[in-house]
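Working through the structure, step by step
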Amino acid sequence: MRSLLRSLLPFVIGVPVLLVVQEVMPPRYFLWVVAIGVNVVLAVSLNVVNGFTGQFSLGHAGFMAVGAYTAAKVSLVLGGVKIAMLPEAVSDQLAFALALAAGMGTAALAGFLVGMPSLRLRGDYLAIVTLGFGEIIRSVIENMTSLGEALGLQGLPKRTNVVWLGVSALATIVMARRLAVSTQGRALFAIREDEVAAEAMGVDTTGYKVRAFIISAAYAGLAGGLVAHAIQMVTPQMFTFIRSIEVVVIVVLGGLGSVTGSVISAVVLGVAIEKAREFEQFRMVVYALLLVVLMLLRPQGILGTRELWDLRFFRRVPRPRPLAVTPGGASPTEVRDEGGRGGQA
Amino acid sequence: MTELLQHLFNGLSLGTIYALVALGYTMVYGVLKLINFAHGDVYMVGAFAGYYLGSVLGTDRAPNLGKAALVTIGAMAICGALGFVIERFAYRPLRHRARLTALITAIGVSFLLEFGFQLNPILRAPIEFPPGPSPRFFPALVDLGAPFDLLGATVSRIDVVGFAVAILLMLGLQWIVYRTRFGVAMRAVSFDSQVAGLMGIPVNRIISGTFVLGSALAAAAGIINASARPRIEPLLGLMSGLKAFVAAVLGGIGSVPGAMVGGLTLGFVEEFVAGYTSSRYRDAIAFTVLIVVLLVRPDGLFGKGRVEKV
Amino acid sequence: MGFRRALVPAAALLLTLAACEKKKSGEAAAPATPQAASPGAKIWFGHVGSLTGGEATFGDSTDKGIKLAIDELNGKGGVKGMQLDLKTYDDQGKPEEAALAATRLITQDKVTVLLGEVASSRSLAMAPIAEANKVPMITPSSTNPKVTKDGDKTRPFVFRVCFIDPFQGTVMAKFATEKGVKKVAILRDVGNAYSVGLADYFLSKFKDLGGTIVNDQSYKAGDQDFKAQLTAIKAKGPEAIYVPGYYTDVALIARQARELGMKAPLMGGDGWDSAKLFEIGGAAIEGSFFSNHYSPEDPSPRIQDFIKRYKARFGAVPDSMAATGYDAAMVAADGLARAKDATGDAAAEAIAATKDFPGVTGVITLDKDHNAVKPAVVLEVKGGKAVYVSTVAPDAPAPAAAAPMTAPNPIPAAKPAGK
């Protein structure tokens with residue numbers, strides 16, 4: 001009961017604040033907020049798989065696409081419908097919530113279908129397979145007449161706003177944090193640290209990996225639904241593997257395994273990208289340079305696997321550390337390779 | 001029947017390109033266990049190198065066999081150097097880090113090449129560099145004449161020349177890998193780089209050499225492809241690179257003959273599926289093949305099963 | 001403990017969100033309205049175009065046409081005493097970027113009129129945004145009917161100064177039939193609303209006129225290799241191939257068709273119009289035909305004068321994108337000059353009433369669906385350029401609103417293209 005209240009607290013504080021912000025925010029910042037909010041949801045959800053569980057998934061955009069298209073379809077179908085007895089505005093919001101929920105559901109299903117066969121593979125192979133699945137999802141969408149084929153779906157109502165983005169971001173963060181401090185989370189960290197040992201200790205590695213995938217995919221679907229209702233359209237080209245890689249960059253920059261790291265990184269990169277729109281071409285080159293330099297100099301990202309409040313700056317009293325298995329937690333990008341052989345798929 | 005034969009020839013033309021590029025992926029994976037995401041972009045750079053060298057040497061106005069050879073060799077040299085630089089500065093420092101780090105770096109290098117080439121030209125003369133995002137026309141390097149009839153199907157001469165060059169290069173590679181000391185050293189490093197180093201093999205030099213070889217082959221592929229399909233743009237390597245990688249996996253990543261067979265196979269599969277069923281699924285075919293291979297037989301056609309020891 | 005854990009990320013988020021309102025400027029979240037007429041104020045036109053990417057010449061030419069129009073209008077005193085200015089964003093050929101660019105032009109740059117896009121897919125992405133914000137949008141050369149019509153309803157704020165594909169599709173169908181061609185294969189770009197729509201309209205009319213479609217293949221823009229599709233087409237022996245795509249792909253397709261030994265001419269639509277078509281297509285594209293909005297060989301003095309002025313400014317003969325861009329900007333200015341006040345509704349109303357406007361691509365009258373009813377020209381590729389062959393006027397109205405593929409809406413007797 002207490003933990004439930006604890007999880008609700010951010011919303012209790014957050015929602016009124018978001019409502020105020022929404023009222024006073026000039027409309028020109030709308031796209032910025034969308035970029036930041038969506039990035040936060042994507043990055044934190046990807047972190048569950050890439051960071052907590054140490055699996056390298058490059059197919060996040062595919063799940064985003066599934067969620068976006070489902071939400072779009074539901075919105076279009078419910079477009080002319082209104083729940084009697086309720087004012088139209090409330091009915092619209094409920095329809096939107098339903099669309100988002102539907103998006104999360106189908107994305108979760110996609111996560112299951114992709115995860116089941118793929119998670120037998122390791123490292124590089126998993127990356128490639130997830131990339132492949134992401135592209136296949138996109139290709140299938142591109143060829144379905146009911147989904148508008150390559151043209152996609154237009155005319156979606158503009159429902160995404162500061163409140164919805166903020167609530168979604170909060171929800172994703174709360175989900176990730178609750179997971180991190182739970183038994184299931186501990187299982188995920190064990191899998192990240194040493195999968196064979198975890199299996200030997202009785203952790204159902206495949207089961208947990210698939211579950212992480214499902215959760216991660218569901219929230220990616222949420223992000224997709226939000227984007228769709230922000231720019232009022234969905235096209236297959238919005239969800240290429242380049243999008244997946246952009247999210248990976250955000251997560252790696254913030255630190256694989258660190259939720260606050262992902263949030264900070266998502267905000268920083270979201271702002272930077274929107275600001276750099278004028279210099280579209282340079283933006284991607286700088287992005288790429290950033291990635292290379294980051295990997296060469298500080299592969300664990302800003303915060304590694306730790307959270308913001310784990311930094312010495314915030315700590316006054318030594319506190320119990322319930323999550324990391326090793327002190328400080330080794331980031332998957334820091335683990336020393338055995339050289340020579342390495343693990344095989 | 002002629003339709004079938006025509007598809008066969010088309011598939012062959014496609015497949016040789018995939019094979020040449022797949023060789024680079026497979027060799028690098030063999031020695032470094034790294035999927036070099038940037039390899040597809042080296043292929044793209046090769047095509048542009050050929051374009052620039054061609055304009056400098058004047059092949060667009062006066063195509064000529066000698067100059068064509070010069071352009072090809074020049075592009076191969078440029079890409080070889082590029083491969084060397086990438087390995088030396090982006091991958092070597094990460095040799096002892098987790099594979100994930102190197103993979104992400106490879107992605108970064110790939111983006112750097114792709115988006116760097118999409119910048120608007122800074123240099124104007126003698127060449128416009130970077131080329132910018134809009135596609136450019138690749139003028140023929142050598143004037144070969146009209147397509148000819150072969151058993152009912154029409155074959156363009158550049159495809160024949162391209163195929164011949166590709167075969168030559170692949171035979172050359174086979175010779176290097178199986179008949180020279182460098183090749184033996186390369187195979188030793190592929191097997192176990194630590195022990196190879198202990199045996200006195202200069203591992204760093206071998207790895208650099210492997211990159212240079214693979215990149216040179218990719219450059220040749222870039223020029224052959226640009227000659228047959230004369231539109232080049234900075235994102236050229238995106239799909240082709242990915243498909244070539246699938247070809248390498250299909251053949252068994254790490255296996256040189258595997259890459260060649262995988263490339264040709266993928267070329268045929270893509271051509272026949274696109275020609276006889278729907279051409280819409282052209283790109284999806286490669287990914288489907290990839291997933292099927294990885295789930296059913298991850299070691300590919302020629303790969304050896306490796307057991308993971310705890 | 002949970003409170004402490006939740007507090008910090010929440011605080012971080014709050015700070016960020018709070019930072020968003022630092023520049024509180026009391027702007028209401030109302031839709032953009034044109035500036036009040038005060039001396040020195042400017043009217044902004046916003047242009048969304050593909051300045052880079054596979055259709056770079058489309059956006060570039062259109063932009064030049066618009067710029068020429070704006071310069072000329074400013075020279076004559078502007079609109080309602082205010083000078084005009086242009087803000088252009090590159091959408092890189094992507095529909096979602098076009099949507100974002102349109103949003104930016106409206107919310108950040110406060111444009112009065114949106115011009116663009118050339119490609120129907122991108123115009124379709126922009127239309128709902130123009131509608132939602134009550135900003136009139138004029139597309140210079142998007143020909144897919146869905147751009148101005150959402151289902152059965154005409155979009156009140158979206159207009160075009162060119163013909164639509166139900167008409168354009170019939171142009172080449174009729175042309176082919178008149179040349180005695182009975183068997184045609186189609187090769188369409190499935191990634192492109194324009195290509196798919198145009199192919200369908202052509203298909204329907206060609207079959208109505210008694211022809212047969214022997215094969216219908218597809219490709220994706222940016223594909224390098226079309227031989228699989230062309231080989232399948234070759235096996236069916238068509239007398240012509242209808243390729244309603246964009247110029248870079250069409251050029252490659254022509255080359256590969258010739259490489260496969262196919263001699264049949266290609267046919268296409270206004271998406272072919274670019275100098276690059278001849279550069280990349282070379283000898284392969286010779287002898288092929290396409291429908292277009294205008295021909296620079298038209299002897300009408302209004303057109304020749306426009307070509308002279310454009311050449312003097314930009315050093316090249318304008319293609320149809322430049323000409324339609326020019327017309328779009330002119331029609332927009334004309335509408336704004338007639339608008340009864342400075343609101344978007346008034347501007348839209350005035351533009352919708354455009355009648356007999358003397359454009360360089362023909363006399364422009366907007367029908368009830370906000371489309372211009374104009375003739376098309378058929379051009380042949382000869383000697384490395386497009387040579388005028390004939391003009392095709394729109395049909396008389398078809399009885400009742402039957403299938404959407406027949407000739408467009410009721411119009412007065414066809415007027416020749418500004419001749």
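Residues numbered from 1 in each chain as written. Chains lettered and ligands numbered in written order. Predicted model: local features only at pLDDT ≥ 70, side-chain atom pairs only at ≥ 80, totals over all residues.

Quick look at the overall build of chain C
Per the secondary structure count, chain C includes 12 helices and 16 strands. Per-residue burial for chain C yields a buried fraction of 58% across its 419 residues. In chain C, of all internal contacts separated by at least 6 residues, the share reaching a separation of at least 24 is 69%. (Helix = DSSP H or I, 4+ residues; strand = E, 2+ residues; numbered from the N terminus. Buried ≥ 20, exposed ≤ 12 C-beta atoms within 10 Å, placed from the backbone. Contact = placed C-beta atoms within 7 Å.)

What to know about the overall build of chain B
Looking only at helices and strands, chain B has 11 helices and four strands in total. Here the C-alpha atoms of chain B give a radius of gyration of 19 Å, agreeing with the 19 Å that 2.2 N^0.38 yields for 310 residues. Looking at the 310 residues of chain B, the share that counts as buried comes to 58%. (Rg over C-alpha atoms; globule rule 2.2 N^0.38 Å.)

A few points about the interface of chain B and chain C
Taken together, the contact pairs 19 residues of chain B with 23 residues of chain C. Taken together, the elements giving at least two residues each to the side of chain B that touches chain C come down to α1 (2-32) and α10 (256-276) of chain B. The greatest single-element share of the side of chain B that touches chain C, amounting to five residues, is contributed by α1(B). Its residues assigned to classes, the side of chain B that touches chain C comprises six nonpolar, eight polar and five charged. (Nonpolar A, V, L, I, M, F, W, Y, C, P; charged D, E, K, R; others polar.)

Description of the sheet that holds strand β12 (residues 289-292) of chain C
Residues and elements named next belong to chain C. The strand order across the open sheet built from seven strands is β9-β8-β10-β11-β12-β15-β16, with neighbouring strands paired in mixed fashion. Two strands close off the open sheet at either side, each with one partner strand: β9 (212-219) and β16 (385-392). Direction aside, the axes of adjacent strands within the sheet are offset by 25 degrees on average. Of the pairings in the sheet, the one linking strand β11 (residues 266-268) to β12 comprises two bridges and is parallel in character. Paired with G268 across the two strands is F290, which belongs to β12. (Pairing = 2+ DSSP bridges. Axes fitted to C-alpha atoms, helices over the stretch in contact; angles between N-to-C directions.)

Examining the sheet that holds strand β7 (residues 158-160) of chain C
Residue and element names in this part refer to chain C. Spatial ordering of the open sheet is given by β2-β1-β3-β4-β7, a layout of five strands whose pairing is parallel. What marks the edges here is a single partner per strand, and that holds for β2 (83-90) and β7. Each strand axis lies, on average, 25 degrees off the axis of its neighbour in the sheet, ignoring direction.

Things to note about helix α5 (residues 157-179) of chain B
All names here are of chain B. A rise of 1.5 Å per residue sets the reference length of α5, with its 23 residues, at 33 Å; its end C-alpha atoms lie 32 Å apart and thus fit the reference within 8%. Listed in full, the buried residues belonging to α5 are I158, D159, G162, A166, L169, M170, L173 and V177. Of the surrounding secondary structure, the elements contacted by the buried residues of α5 are α1, β3 (153-155), α6 (181-191), α8 (203-228) and α10. (Expected span 1.5 Å × (residues − 1).)

Regarding the pairing of strand β15 (residues 376-382) of chain C
Residue and element names in this part refer to chain C. Taken across its seven residues, β15 has five buried, putting it largely inside the fold. Pairing geometry for β12 and β15, over four bridges, is antiparallel. In the sheet register, F290 faces β15, and the bridge partner there is L379. Bridge count for β15 against β16 is seven bridges, and the pairing is antiparallel. Residue pairing for β16: L379 is matched across the bridge by Y388.

Some remarks on the domain arrangement of chain C
Residues and elements named next belong to chain C. Taken domain by domain, chain C comprises domain 1 (42-163 + 298-374) and domain 2 (166-292). The distance between the C-alpha centroids of domain 1 and domain 2 comes to 28 Å. Per-element accounting of the side of domain 1 that touches domain 2 gives the leading share, three residues, to helix α4 (residues 120-133). Here the residues of the side of domain 1 that touches domain 2 are counted per class, giving five nonpolar, eight polar and two charged. (Domains from an automatic or database assignment.)

Topic: the environment of V285(A)
By the element assignment, V285(A) lies in helix α12 (residues 280-297). Of the residues examined, V285(A) has 20 C-beta atoms within 10 Å and is grouped as buried. As for V285(A) and I231(A), which are separated by 54 residues in sequence, their C-alpha atoms are 25 Å apart. Among all residues touching V285(A), those that are not within four sequence positions of it are L112(B), F115(B), G116(B) and L119(B).

Observations regarding the packing of helix α4 (residues 88-118) of chain A against helix α9 (residues 205-231) of chain A
Residue and element names in this part refer to chain A. Relative to each other, α4 and α9 sit at 140 degrees, their axes nearing to 7 Å. The handedness of the crossing between α4 and α9 comes out as right-handed. The residue inventory of the contact of α4 with α9, partitioned by class, reads 16 nonpolar, nine polar and one charged. (Left-handed = near helix turned anticlockwise from the far one by under 90°.)

Section: the packing of helix α3 (residues 65-91) of chain B against α8(B)
Packed helices, taken two at a time, are described by the angle between their axes plus the distance between the axes. Residues and elements named next belong to chain B. Where α3 contacts α8, the axes come no closer than 7 Å and their chain directions differ by 140 degrees. Taken together, the axes of α3 and α8 lie oblique to each other. Note on packing geometry: the crossing formed by α3 with α8 is right-handed. Taken together, the residues of α8 that come into contact with α3 (itself represented by T72, A75, M76, I78, C79, G80, L82, G83, F84, E87 and R88) are I207, S208, F211, V212, G214, S215, A216, A218, A219, A220 and I223. Tallied by class, the residues present in the contact of α3 with α8 amount to 14 nonpolar, six polar and two charged. (Parallel < 35°, antiparallel > 145°, perpendicular 65-115°, else oblique.)

Considering the confidence of the model for chain C
Residues and elements named next belong to chain C. For chain C, per-residue confidence averages 82 on the pLDDT scale, and residues scoring 70 or more make up 85% of the total. Looking at the elements of chain C, mean pLDDT is at its lowest for helix α1 (residues 2-19), recorded as 39, and at its highest for strand β10 (residues 240-242), recorded as 95. Segment residues 1-39 is flagged for pLDDT under 50; beyond a separation of four residues in sequence, or across chains, it makes 57 contacts in the model. Throughout residues 397-419 the model reports pLDDT below 50, and contacts reaching past four residues in sequence, or to other chains, amount to 48 contacts. (pLDDT = per-residue confidence, 0-100.)

Quick word on the environment of E307(A)
All names here are of chain A. For E307, the location among the structural elements is in the segment after α12. Between the C-alpha atoms of E307 and V33, which are 274 residues apart in sequence, the distance is 23 Å. Apart from the residues lying within four places of it in its own chain, the contact partners of E307 are S258, V259 and T260.

A few points about unusual backbone geometry
All names here are of chain B. The residue after F129, namely P130, is reached through a cis peptide bond having omega -5 degrees. Looking at where P130 falls in the secondary structure, it is placed in the loop between α4 (99-117) and β1 (136-137). If you check the backbone angles, K33 has positive phi at about 55 degrees while not being a glycine. Position of K33 relative to the elements: it lies in the loop between α1 and α2 (39-57). The exposure class of K33 is buried, given the 21 C-beta atoms found within 10 Å.

Quick look at helix α12 (residues 344-352) of chain C
Residue and element names in this part refer to chain C. What α12 keeps buried is the set G344, A347, A348 and I351. Viewed along the axis of α12, the buried residues span an arc of 100 degrees, placing them on a single side of the element. Next to the buried residues of α12 lie β4 (137-139), β7 and α11 (320-338). (Arc of directions from axis to C-beta.)

Brief notes about the environment of L51(C)
All names here are of chain C. Mapped onto the fold, L51 is located in the loop between β1 (42-49) and α2 (56-75). You can call L51 buried: it has 22 C-beta atoms within 10 Å. Setting aside its immediate chain neighbours within four residues, L51 contacts A56, G59, D60, D63 and D90.

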